[in-house]
Amino acid sequence: MPQILAFLRRPFVLDLRAMALMRIAVAAVILTDLVIRSTDLEAHYANLGVLPLNVLYQYNWNPYQFSLHAITGLWQGEALLFLLAAAAAVALLLGYSTRLMTIISWLLLVSLQNRNPLIGQGGDDLLRMLLFWGIFLPWGRLYSLDARSKVAPTNYAYFSAATVAYIVQLALVYWCTALLKHAPEWSKEGTAIYYALSLDQLLMPGGRLLYQHYDLMRYLTFATYYTEMLLPFVLFIPFGVTWWRLLFVGVLYSFHIGISLTLFVGLFYLINMASVLGLLPPWTMNWLDRHIRTRAQRLGPRLAQWRPSLEQWQRLPFRLRVEASWQRSSGTDRLLRTMRETVVTLLLVYVCWWNLDTIAKPEWYMKDPLRWFGYLFRTDQHWGMFAPAVFKDDGWYILDATTKDGKHIDLNRKGRPLTYDKPYSVMALFKNDRWRKYSENYLFVSNSYMRPYYCNYWLRIWQEKHPNRPISRLDVIYMKEVSLPDYKVSKPTREVLCSCETEPAQPAPQQ
């Protein structure tokens, strides 16, 4: 029986070095995300932006959620929280008090995502879950500042309920994505990628090249669908684990690099690429480890001059370390380990059950009284990119501003004269993917409450930045264009989504 159990658990044994590499990559992605988000502190997170706190609480809030970023409506307060999150992410990257920094990074990420759900995308769910499972993984055991005070492990192999949860989570991402894609364009017609690349809001230069080859797009559609459906199974094969994992990582890296070159999806591809680094087998990590150690040795003399200051910092009375101040017996260790494994197993069952919502019969869905945990700890997840079908409605925005002298300019094109002509690159009109996602949600009738805030935000911003070119009215216009088969599109239709005006000047009182 021990031999059988050891055989069955092979797919879930991870290399400590691979987990450490994944930690570094996840921390780097968090820092990148914070940098991009920080360019819109007022627009996306303050009361003067597109989603004031009162609107958030009225339309987008769940009573079980929390958000430290919702404590203040000032961008200065948001900036402080961003700096705190960045500091925690840097500490996580360096592996300083790793578990504590993982918890803090997860807490602040959940808080940030809860502050403005209108700009979230599927990659955010995965990043949040990587940090969640990372709390239970020993991903600070190597390649970290914490490792300096510990004896180097003699064996890099590690197995626990957390490693099972991590691998199952990766499989769920792709399985659920594939099972949600039940429209004929994915599994029968093979036109999904054609329609995806017909979306000018997403089209990247690489996508323009691919868009010219219809048969290739059809082949790639089927390849995408069946890769997402079948590839995760290789993670559970208990023999040839090294080669199956290399296949999994190699295919997904090619897959997501291809997405990044063809579609404007923000950090989605980077998050997914970071997520699979924990699967790298010992053979790969041996090669990487040699190169990492070689470069670390070269940096040693340069870092030596910083050692006295680091040691002085560590002698300060306040240290962000979680260390046991007592000696635990082996019996206590076993009890704590058993409790941890039990908790993680229950969490994994809960996450799997949650995902049944999108792929199972309604009678199997999780009952509402049990959902509070998912909302509170944000283990809720939905993997529905381009599912069940690709959007056919496409178009571009025009911010039609009327100046005081009656001229019309487009604020979406930096105040150039108004034109209804389609721009060469619609994607280039968006500052970043957060704004693109916001504009996508802006179209839905169910989100009509958000339209005046967007309109008034741009009206105010223009007045502040261009006091010499005042405007009296702003119309948010969407030029709707529907994608049709055979490289055809419908004639664009003009839809005015919202209008706002400056307050007229009050007449001077009569003497």
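Because the structure is a prediction, the values reported are computed rather than measured. (Residues numbered from 1 in each chain as written. Predicted model: local features only at pLDDT ≥ 70, side-chain atom pairs only at ≥ 80, totals over all residues. Heavy atoms only, no water.)

### Observations regarding helix α14 (residues 268–275)
At step 1: Of all eight residues in α14, six are buried, a share of seventy percent or more.
At step 2: Lining the buried residues of α14 we find α2 (16–38), α7 (122–134), α8 (161–180) and α13 (241–262). (Buried < 20%, exposed > 50% of the residue type's maximum accessible area, 1.4 Å probe, protein only. Helix = DSSP H or I, 4+ residues; strand = E, 2+ residues; numbered from the N terminus. Contact = heavy atoms within 4.5 Å.)

### Details of the packing of helix α6 (residues 98–115) against α7
Between two packed helices, both the angle of their axes relative to each other and the distance between the axes serve to describe the pair.
At step 1: Two elements in contact, α6 and α7, have axes whose closest approach is 9 Å; the angle formed by their N-to-C orientations is 155°. As far as their axial angle goes, α7 and α6 are roughly antiparallel. Like other packed secondary-structure pairs, α6 and α7 cross with a definite hand, here left-handed. Residue-level contacts link T102, S105, W106, L109, V110 and Q113 of α6 to D124, L127, R128, L131, F132 and G134 of α7. (Axes fitted to C-alpha atoms, helices over the stretch in contact; angles between N-to-C directions. Parallel < 35°, antiparallel > 145°, perpendicular 65-115°, else oblique. Left-handed = near helix turned anticlockwise from the far one by under 90°.)

### Details of a nonpolar patch on the surface
At step 1: A contiguous nonpolar patch, built from M1, I4, L5, F7, L8 and F239 and spanning about 630 Å² of accessible area, is present on the exposed surface.
At step 2: Note on placement: L8 falls in helix α1 (residues 2–8). (Patch = residues over 30% accessible without salt bridge, like charges linked within 9 Å, V, L, I, M, F, W, Y side chains within 5 Å. Areas by Shrake-Rupley, 256 points an atom, 1.4 Å probe, with all protein chains shown as cover. Salt bridge = Lys/Arg side-chain N within 4 Å of Asp/Glu carboxyl O.)

### Quick notes on the packing of aromatic side chains
At step 1: Per the stated rule, a full pass over the model turns up 36 aromatic pairs.
At step 2: An aromatic cluster of three or more residues is present, and its members are W106, F132, W133, F136, Y350, W354, W372, F373, Y375 and F377.
At step 3: The ring of Y195 carries the charged tip of K392 above its face, separated from the ring centre by 4.7 Å.
At step 4: Lying across the ring of Y442, R451 places its NZ or CZ 6.0 Å from the centre. (Phe/Tyr/Trp six-rings, centres within 6.5 Å; stacked < 30°, edge-to-face > 60°. Lys NZ or Arg CZ within 6 Å of the ring centre and 35° of its normal.)

### Comments concerning the side chain of S105
At step 1: Along the polypeptide, S105 turns up in helix α6.
At step 2: Residue contacts for S105: discarding those within four places in its chain leaves I30, A88, A89, L92 and L131.

### Quick look at the pattern of salt bridges
At step 1: One pass over the structure, following the stated rule, counts 26 salt bridges.
At step 2: Between R434 and D33 there is a salt bridge whose closest N-O contact spans 3.0 Å. Separated by 401 residues along the polypeptide, R434 in helix α19 (residues 433–442) and D33 in helix α2 bring together distant segments of the chain. Assigned by exposure class, R434 and D33 land together as buried.
At step 3: Here R460 ties to E464 by a salt bridge, and the two come within 2.9 Å at their closest N and O atoms. Within this pair, R460 and its partner E464 are both found in helix α20 (residues 451–465), separated by four residues, close to a single helical turn.

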